[in-house]
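Spelled out, the chains give:
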Amino acid sequence: MTSTAAPFQPLRGRLKANVPLAPRSWFRTGGQADWLFVPQDEEDLATALQQSPPNMPLTVLGACSNVIIRDGGLAGLTLRLAGGFAQIEADGDGLIAGAAALDSSVAEAAARAGMAGFAFLSTIPGSIGGAVRMNAGAYEGDMASLLDWIEILTREGTYQRLPAAHLHMGYRHTTLPDGAIILRARLKAQGAEDPALIQEAMHVMRAKREASQPLRARTGGSTFRNPEGHKAWELIDAAGCRGLRHGGAQISEKHCNFMLNTGHATSTELEDLGEMVRARVLAQSGIELQWEIKRLGRLSHPA
(Lines give C-alpha, C1' and ligand atoms only; values in the text may rest on other atoms or scores of the structure.)
Protein backbone atom coordinates (compact mmCIF):
# COMPACT_ATOMS: atom_id res chain seq x y z
CA MET A 1 0.00 0.00 0.00
CA THR A 2 1.27 3.44 -0.85
CA SER A 3 0.82 6.42 1.41
CA THR A 4 -2.57 8.08 1.15
CA ALA A 5 -0.97 11.53 1.42
CA ALA A 6 -1.48 12.90 -2.08
CA PRO A 7 1.72 14.25 -3.70
CA PHE A 8 -0.35 16.93 -5.49
CA GLN A 9 -2.30 20.03 -4.73
CA PRO A 10 -6.07 19.59 -5.24
CA LEU A 11 -6.91 18.67 -8.84
CA ARG A 12 -10.26 18.81 -10.59
CA GLY A 13 -10.09 15.25 -11.85
CA ARG A 14 -10.37 12.01 -9.88
CA LEU A 15 -7.24 11.05 -7.93
CA LYS A 16 -7.27 7.85 -5.87
CA ALA A 17 -4.66 5.77 -4.09
CA ASN A 18 -4.20 1.98 -4.28
CA VAL A 19 -6.66 1.34 -7.09
CA PRO A 20 -7.04 -2.28 -8.34
CA LEU A 21 -6.22 -2.47 -12.04
CA ALA A 22 -7.21 -6.05 -12.86
CA PRO A 23 -10.84 -5.06 -13.60
CA ARG A 24 -9.56 -2.61 -16.25
CA SER A 25 -7.28 -5.09 -18.02
CA TRP A 26 -8.58 -7.32 -20.80
CA PHE A 27 -6.71 -10.19 -19.14
CA ARG A 28 -8.39 -9.32 -15.82
CA THR A 29 -5.07 -9.72 -13.99
CA GLY A 30 -2.60 -7.42 -12.29
CA GLY A 31 -2.00 -5.42 -9.15
CA GLN A 32 -2.85 -1.91 -8.00
CA ALA A 33 -1.91 1.57 -9.11
CA ASP A 34 -0.17 3.51 -6.34
CA TRP A 35 -2.03 6.56 -7.65
CA LEU A 36 -4.64 6.60 -10.42
CA PHE A 37 -5.57 9.97 -11.88
CA VAL A 38 -8.38 10.59 -14.37
CA PRO A 39 -7.92 14.25 -15.41
CA GLN A 40 -10.95 16.40 -16.12
CA ASP A 41 -9.29 18.07 -19.11
CA GLU A 42 -5.92 18.93 -20.61
CA GLU A 43 -5.26 21.79 -18.22
CA ASP A 44 -5.91 19.49 -15.27
CA LEU A 45 -3.54 16.91 -16.76
CA ALA A 46 -0.83 19.51 -17.34
CA THR A 47 -1.16 20.68 -13.71
CA ALA A 48 -0.69 17.13 -12.42
CA LEU A 49 2.38 16.63 -14.59
CA GLN A 50 3.92 19.92 -13.49
CA GLN A 51 3.38 19.00 -9.82
CA SER A 52 4.58 15.41 -10.01
CA PRO A 53 8.15 14.82 -8.79
CA PRO A 54 10.58 14.29 -11.70
CA ASN A 55 11.58 10.88 -10.34
CA MET A 56 7.98 9.65 -9.93
CA PRO A 57 7.21 6.78 -12.36
CA LEU A 58 4.47 7.67 -14.84
CA THR A 59 2.27 5.22 -16.76
CA VAL A 60 -0.53 6.03 -19.19
CA LEU A 61 -3.25 3.41 -19.55
CA GLY A 62 -5.60 3.34 -22.52
CA ALA A 63 -8.15 0.59 -23.08
CA CYS A 64 -5.71 -1.96 -21.54
CA SER A 65 -6.33 -4.27 -24.50
CA ASN A 66 -2.71 -5.10 -25.28
CA VAL A 67 -0.98 -4.99 -21.90
CA ILE A 68 -0.08 -7.23 -19.01
CA ILE A 69 -0.19 -5.28 -15.76
CA ARG A 70 2.16 -7.16 -13.49
CA ASP A 71 1.01 -8.52 -10.14
CA GLY A 72 3.02 -5.95 -8.17
CA GLY A 73 1.02 -3.14 -9.75
CA LEU A 74 2.15 0.21 -11.10
CA ALA A 75 4.42 2.48 -9.11
CA GLY A 76 3.99 6.24 -9.00
CA LEU A 77 1.28 7.96 -11.03
CA THR A 78 -0.98 6.14 -13.46
CA LEU A 79 -3.05 8.22 -15.88
CA ARG A 80 -6.27 7.17 -17.54
CA LEU A 81 -7.68 9.52 -20.17
CA ALA A 82 -11.45 9.57 -20.63
CA GLY A 83 -14.31 11.99 -21.29
CA GLY A 84 -13.21 14.86 -23.51
CA PHE A 85 -10.05 12.99 -24.45
CA ALA A 86 -12.24 10.66 -26.54
CA GLN A 87 -13.68 13.30 -28.89
CA ILE A 88 -13.70 12.68 -32.65
CA GLU A 89 -14.09 15.65 -34.99
CA ALA A 90 -14.20 16.00 -38.77
CA ASP A 91 -11.37 18.16 -40.09
CA GLY A 92 -11.48 18.71 -43.86
CA ASP A 93 -10.08 15.60 -45.51
CA GLY A 94 -9.54 13.82 -42.21
CA LEU A 95 -10.44 13.38 -38.56
CA ILE A 96 -8.98 14.66 -35.32
CA ALA A 97 -9.33 11.94 -32.71
CA GLY A 98 -8.60 12.19 -29.02
CA ALA A 99 -6.16 9.70 -27.54
CA ALA A 100 -8.95 7.95 -25.63
CA ALA A 101 -11.19 7.54 -28.69
CA LEU A 102 -11.70 3.86 -29.45
CA ASP A 103 -10.18 2.68 -32.72
CA SER A 104 -13.50 1.16 -33.73
CA SER A 105 -15.33 4.44 -33.07
CA VAL A 106 -12.86 6.30 -35.29
CA ALA A 107 -13.40 3.74 -38.05
CA GLU A 108 -17.17 4.18 -37.80
CA ALA A 109 -16.90 7.98 -37.87
CA ALA A 110 -14.72 7.82 -40.97
CA ALA A 111 -17.12 5.40 -42.66
CA ARG A 112 -20.09 7.70 -42.07
CA ALA A 113 -18.09 10.55 -43.62
CA GLY A 114 -17.08 8.44 -46.64
CA MET A 115 -13.38 8.63 -45.73
CA ALA A 116 -11.30 5.76 -47.12
CA GLY A 117 -8.36 4.08 -45.41
CA PHE A 118 -9.73 3.76 -41.87
CA ALA A 119 -11.56 0.43 -42.16
CA PHE A 120 -8.74 -1.64 -40.62
CA LEU A 121 -9.18 0.27 -37.35
CA SER A 122 -12.55 -1.43 -36.88
CA THR A 123 -10.68 -4.67 -36.09
CA ILE A 124 -8.15 -3.26 -33.61
CA PRO A 125 -9.08 -3.25 -29.93
CA GLY A 126 -7.90 -0.28 -27.97
CA SER A 127 -7.73 3.48 -28.35
CA ILE A 128 -6.03 5.92 -30.69
CA GLY A 129 -3.25 6.88 -28.30
CA GLY A 130 -2.08 3.29 -28.06
CA ALA A 131 -2.59 2.72 -31.77
CA VAL A 132 -0.29 5.65 -32.56
CA ARG A 133 2.29 4.60 -29.98
CA MET A 134 2.64 1.09 -31.44
CA ASN A 135 1.76 1.94 -35.06
CA ALA A 136 -1.09 -0.55 -34.88
CA GLY A 137 -2.10 -2.22 -38.10
CA ALA A 138 -4.16 -4.97 -39.73
CA TYR A 139 -5.52 -5.96 -43.14
CA GLU A 140 -2.84 -4.08 -45.11
CA GLY A 141 -3.38 -0.84 -43.17
CA ASP A 142 -1.53 0.84 -40.30
CA MET A 143 -1.50 4.13 -38.44
CA ALA A 144 1.53 5.37 -40.37
CA SER A 145 -0.60 5.37 -43.53
CA LEU A 146 -3.10 7.75 -41.91
CA LEU A 147 -1.22 9.90 -39.43
CA ASP A 148 -0.74 13.60 -40.20
CA TRP A 149 0.30 14.89 -36.76
CA ILE A 150 -0.09 14.33 -33.05
CA GLU A 151 -0.31 16.69 -30.12
CA ILE A 152 1.39 15.68 -26.89
CA LEU A 153 2.08 16.85 -23.38
CA THR A 154 5.66 16.40 -22.29
CA ARG A 155 6.58 14.95 -18.92
CA GLU A 156 7.01 18.58 -17.76
CA GLY A 157 3.44 19.46 -18.80
CA THR A 158 4.18 21.50 -21.93
CA TYR A 159 2.40 21.12 -25.30
CA GLN A 160 3.98 20.08 -28.57
CA ARG A 161 2.63 19.26 -32.02
CA LEU A 162 4.72 16.66 -33.85
CA PRO A 163 4.31 15.89 -37.56
CA ALA A 164 4.19 12.22 -38.48
CA ALA A 165 7.48 12.54 -40.39
CA HIS A 166 9.27 13.21 -37.09
CA LEU A 167 8.00 10.01 -35.44
CA HIS A 168 9.98 7.47 -37.50
CA MET A 169 7.08 5.02 -37.55
CA GLY A 170 7.91 1.41 -38.35
CA TYR A 171 6.48 -2.02 -37.76
CA ARG A 172 4.72 -1.83 -34.38
CA HIS A 173 6.89 1.12 -33.36
CA THR A 174 6.69 4.90 -33.10
CA THR A 175 9.49 7.09 -31.75
CA LEU A 176 8.14 9.50 -29.14
CA PRO A 177 9.86 11.81 -26.65
CA ASP A 178 10.47 10.16 -23.27
CA GLY A 179 7.39 10.48 -21.08
CA ALA A 180 5.25 11.97 -23.86
CA ILE A 181 1.49 11.70 -23.40
CA ILE A 182 -0.49 11.70 -26.62
CA LEU A 183 -3.50 14.00 -26.48
CA ARG A 184 -4.91 13.71 -30.00
CA ALA A 185 -4.02 12.74 -33.53
CA ARG A 186 -5.01 14.05 -36.95
CA LEU A 187 -5.68 11.23 -39.37
CA LYS A 188 -5.88 11.95 -43.10
CA ALA A 189 -8.24 9.99 -45.33
CA GLN A 190 -6.90 8.09 -48.32
CA GLY A 191 -9.54 9.50 -50.62
CA ALA A 192 -13.34 9.32 -50.64
CA GLU A 193 -15.51 6.21 -50.90
CA ASP A 194 -19.18 5.24 -50.71
CA PRO A 195 -20.02 4.84 -46.98
CA ALA A 196 -21.96 1.66 -47.74
CA LEU A 197 -18.89 0.09 -49.36
CA ILE A 198 -16.74 1.04 -46.38
CA GLN A 199 -19.27 -0.50 -43.99
CA GLU A 200 -19.29 -3.68 -46.07
CA ALA A 201 -15.48 -3.88 -45.99
CA MET A 202 -15.48 -3.43 -42.21
CA HIS A 203 -18.10 -6.15 -41.85
CA VAL A 204 -15.91 -8.57 -43.83
CA MET A 205 -12.82 -7.70 -41.77
CA ARG A 206 -14.65 -8.14 -38.46
CA ALA A 207 -16.11 -11.47 -39.57
CA LYS A 208 -12.64 -12.76 -40.50
CA ARG A 209 -11.29 -11.65 -37.16
CA GLU A 210 -14.17 -13.27 -35.28
CA ALA A 211 -13.58 -16.54 -37.12
CA SER A 212 -9.83 -16.68 -36.50
CA GLN A 213 -9.23 -15.09 -33.09
CA PRO A 214 -10.47 -15.85 -29.53
CA LEU A 215 -12.27 -12.55 -29.14
CA ARG A 216 -14.70 -13.65 -26.45
CA ALA A 217 -11.96 -14.85 -24.07
CA ARG A 218 -9.86 -12.98 -21.53
CA THR A 219 -7.00 -12.19 -23.85
CA GLY A 220 -4.73 -9.33 -24.85
CA GLY A 221 -4.48 -9.41 -28.62
CA SER A 222 -1.39 -10.54 -30.51
CA THR A 223 1.30 -11.60 -28.06
CA PHE A 224 4.39 -11.41 -30.27
CA ARG A 225 5.43 -9.36 -33.28
CA ASN A 226 5.77 -11.09 -36.61
CA PRO A 227 9.51 -11.55 -37.31
CA GLU A 228 10.56 -10.35 -40.73
CA GLY A 229 9.60 -12.97 -43.30
CA HIS A 230 7.64 -15.07 -40.78
CA LYS A 231 4.32 -15.22 -38.96
CA ALA A 232 4.58 -15.54 -35.21
CA TRP A 233 1.67 -17.95 -34.94
CA GLU A 234 3.25 -20.36 -37.43
CA LEU A 235 6.52 -20.40 -35.47
CA ILE A 236 4.62 -20.97 -32.21
CA ASP A 237 2.60 -23.78 -33.77
CA ALA A 238 5.69 -25.43 -35.23
CA ALA A 239 7.31 -25.36 -31.78
CA GLY A 240 4.39 -27.38 -30.37
CA CYS A 241 2.96 -24.57 -28.25
CA ARG A 242 -0.66 -24.52 -29.44
CA GLY A 243 -2.78 -25.05 -26.32
CA LEU A 244 0.26 -24.94 -23.99
CA ARG A 245 -0.73 -24.24 -20.38
CA HIS A 246 1.02 -22.74 -17.38
CA GLY A 247 -1.14 -22.38 -14.29
CA GLY A 248 -4.27 -20.53 -15.37
CA ALA A 249 -2.63 -19.19 -18.54
CA GLN A 250 -2.95 -20.89 -21.91
CA ILE A 251 -1.88 -20.41 -25.52
CA SER A 252 -5.08 -20.29 -27.55
CA GLU A 253 -6.05 -23.36 -29.55
CA LYS A 254 -7.86 -21.08 -32.02
CA HIS A 255 -4.97 -18.69 -32.71
CA CYS A 256 -1.67 -19.53 -31.06
CA ASN A 257 -0.32 -15.97 -31.04
CA PHE A 258 -2.96 -15.21 -28.40
CA MET A 259 -2.65 -15.96 -24.69
CA LEU A 260 -5.69 -16.60 -22.53
CA ASN A 261 -6.59 -16.24 -18.89
CA THR A 262 -8.65 -19.41 -18.49
CA GLY A 263 -10.19 -18.12 -15.28
CA HIS A 264 -7.68 -17.72 -12.46
CA ALA A 265 -4.38 -16.83 -14.11
CA THR A 266 -1.97 -14.33 -12.62
CA SER A 267 0.00 -11.86 -14.65
CA THR A 268 3.15 -13.73 -13.64
CA GLU A 269 1.75 -16.94 -15.13
CA LEU A 270 0.88 -15.14 -18.37
CA GLU A 271 4.31 -13.58 -18.68
CA ASP A 272 6.07 -16.83 -17.75
CA LEU A 273 4.02 -18.68 -20.38
CA GLY A 274 5.09 -16.14 -22.97
CA GLU A 275 8.73 -16.66 -22.04
CA MET A 276 8.27 -20.43 -22.28
CA VAL A 277 6.95 -19.98 -25.81
CA ARG A 278 9.84 -17.68 -26.75
CA ALA A 279 12.34 -20.28 -25.50
CA ARG A 280 10.69 -23.12 -27.40
CA VAL A 281 10.46 -21.13 -30.63
CA LEU A 282 14.10 -20.11 -30.34
CA ALA A 283 15.16 -23.72 -29.77
CA GLN A 284 13.03 -25.00 -32.66
CA SER A 285 13.62 -22.31 -35.28
CA GLY A 286 16.53 -20.16 -34.10
CA ILE A 287 14.21 -17.12 -34.20
CA GLU A 288 13.76 -14.95 -31.11
CA LEU A 289 10.20 -13.68 -30.83
CA GLN A 290 9.71 -10.12 -29.58
CA TRP A 291 6.81 -9.21 -27.32
CA GLU A 292 4.05 -7.11 -28.85
CA ILE A 293 2.04 -7.03 -25.63
CA LYS A 294 3.36 -4.38 -23.25
CA ARG A 295 4.30 -5.69 -19.80
CA LEU A 296 4.02 -2.94 -17.21
CA GLY A 297 4.80 -2.58 -13.53
CA ARG A 298 6.40 -4.50 -10.69
CA LEU A 299 6.77 -8.25 -10.75
CA SER A 300 5.61 -8.49 -7.12
CA HIS A 301 4.23 -6.08 -4.58
CA PRO A 302 6.84 -4.38 -2.39
CA ALA A 303 6.92 -5.45 1.25
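The shown structure was predicted, so the numbers you read here are calculated from the model rather than taken from an experiment.

Caption draft 1: Spatial organisation of the packing of helix H2 (residues 103-112) against helix H4 (residues 195-212). Interaxial distance between H2 and H4 falls to 8 Å at its minimum, and their mutual angle equals 150°. For the element pair H2 / H4, the angle class is roughly antiparallel. Mapping the contact onto sequence places Ala-107, Glu-108, Ala-111 and Arg-112 in H2 and Pro-195, Ile-198, Gln-199, Met-202 and Arg-206 in H4. For the contact of H2 with H4, the per-class residue count stands at 5 nonpolar, 1 polar and 3 charged.

Caption draft 2: Just the UniProt feature "domain: FAD-binding PCMH-type" (unreviewed entry) in the protein chain, in detail. Cross-referencing UniProt, the feature "domain: FAD-binding PCMH-type" (unreviewed entry) maps to residues 28-192 in the present numbering. Secondary structure content for residues 28-192 is 16% helix and 33% strand, while the C-alpha to C-alpha distance between its ends is 40 Å.

Caption draft 3: Region of the structure containing the side chain of Ser-252. Here Ser-252 lies in the loop between strand E15 (249-251) and strand E16 (259-261). According to the relative accessible area criterion, Ser-252 is buried, its value standing at 2%. A distance of 3.0 Å separates a polar side-chain atom of Ser-252 from the backbone nitrogen of Lys-254. If near-sequence neighbours (up to four positions away) are discounted, Ser-252 is found in contact with Pro-214, Arg-242, Gly-243, Phe-258 and Leu-260.

Caption draft 4: Focus on the environment of Ile-150. With respect to the helices and strands, Ile-150 occurs in strand E10 (residues 147-153). Taking relative accessible area as the criterion, Ile-150 reaches 0% and is therefore assigned buried. For the pair Ile-150 and Arg-161, spaced 11 residues apart in sequence, the C-alpha separation works out to 5.7 Å. Here Ile-150 is in contact with Val-132, Gln-160, Arg-161, Leu-162, Leu-167, Leu-176, Ile-182, Arg-184 and Ala-185, once residues within four sequence places are set aside.

Caption draft 5: Representation of H4 within the structure. For H4, with 18 residues, the first-to-last C-alpha span of 26 Å sits near the 26 Å given by 1.5 Å per residue. Contacts from the buried residues of H4 go to H2. Here H4 starts with a cap whose side-chain oxygen sits 2.9 Å from the backbone nitrogen of Ala-196, and that cap is Asp-194.

Caption draft 6: Highlighting the sheet that holds strand E14 (residues 245-246). Across the sheet, 4 strands lie side by side as E13-E16-E15-E14; this open sheet has antiparallel pairing. Each end of this open sheet is capped by a strand with a single partner; those strands are strand E13 (218-219) and E14.

Caption draft 7: Molecular detail of the nonpolar core. In this structure, Phe-118, Leu-121, Ile-128 and Ile-150 are the most contacted members of the largest nonpolar core, which totals 55 residues. Among the nonpolar cores identified, the runner-up in size contains 22 residues, and Cys-241, Ala-249, Ile-251 and Leu-289 belong to it.

Caption draft 8: Examining the sheet that holds strand E6 (residues 88-91) more closely. Across the sheet, which stays open at both edges, the 5 strands sit in the order E6-E7-E12-E10-E11 with antiparallel pairing between neighbours. Of all strands in the sheet, those bounded by a partner on one side alone are E6 and strand E11 (159-163). If you compare each strand with its neighbour and ignore which way they point, the axes differ by 20° on average. For strand E7 (residues 94-98) and strand E12 (residues 181-188), the ladder comprises 5 bridges, and the chain directions are antiparallel. If you follow Ile-96 over to E12, its bridge partner there is Arg-186. On top of the sheet, helix H1 (residues 42-51) reaches E10, E11 and E12; it is set at about 140° to E12, its chief contact. Along the sheet face, H2 touches E6, E7 and E12 and points at about 155° away from the line of E7.

Caption draft 9: Broad picture of the layout of surface pockets. Reported here for the second largest pocket is a volume of approximately 150 Å³. For the lining of the second largest pocket, the secondary-structure elements that each account for two or more residues are E7 and E12. The biggest single contributor to the lining of the second largest pocket is E7, with 3 residues. Looking at the lining of the second largest pocket residue by residue, the classes come out as 4 nonpolar, 4 polar and 4 charged.

Caption draft 10: Spotlight on the state of the cysteines. Going through the model one piece at a time under the given rule, you end up with 0 disulfides. Here Cys-241 stays free of any disulfide, with the sulfur of Cys-256 as its closest cysteine sulfur at 8.1 Å. By relative accessible area, Cys-241 is classed as buried at 0%.

Conventions used here
- Residues numbered from 1 in each chain as written.
- Predicted model: local features only at pLDDT ≥ 70, side-chain atom pairs only at ≥ 80, totals over all residues.
- Heavy atoms only, no water.
- Axes fitted to C-alpha atoms, helices over the stretch in contact; angles between N-to-C directions.
- Helix = DSSP H or I, 4+ residues; strand = E, 2+ residues; numbered from the N terminus.
- Parallel < 35°, antiparallel > 145°, perpendicular 65-115°, else oblique.
- Contact = heavy atoms within 4.5 Å.
- Nonpolar A, V, L, I, M, F, W, Y, C, P; charged D, E, K, R; others polar.
- UniProt positions renumbered as here; feature names shortened; annotations may be inferred.
- Buried < 20%, exposed > 50% of the residue type's maximum accessible area, 1.4 Å probe, protein only.
- Polar contact = N/O pair within 3.5 Å; in protein donor to acceptor, adjacent residues only side chain to side chain.
- Expected span 1.5 Å × (residues − 1).
- Pairing = 2+ DSSP bridges.
- Core = buried A, V, L, I, M, F, W, Y, C linked by side-chain atoms within 4.5 Å.
- 1 Å grid on protein atoms, 1.4 Å probe; cavity = no way out; pocket = protein on both sides within 12 Å on 5 of 7 lines; lining within 4 Å.
- Points joined across faces, edges and corners; volume = space filled by probe spheres on them.
- Disulfide = S-S within 2.5 Å.

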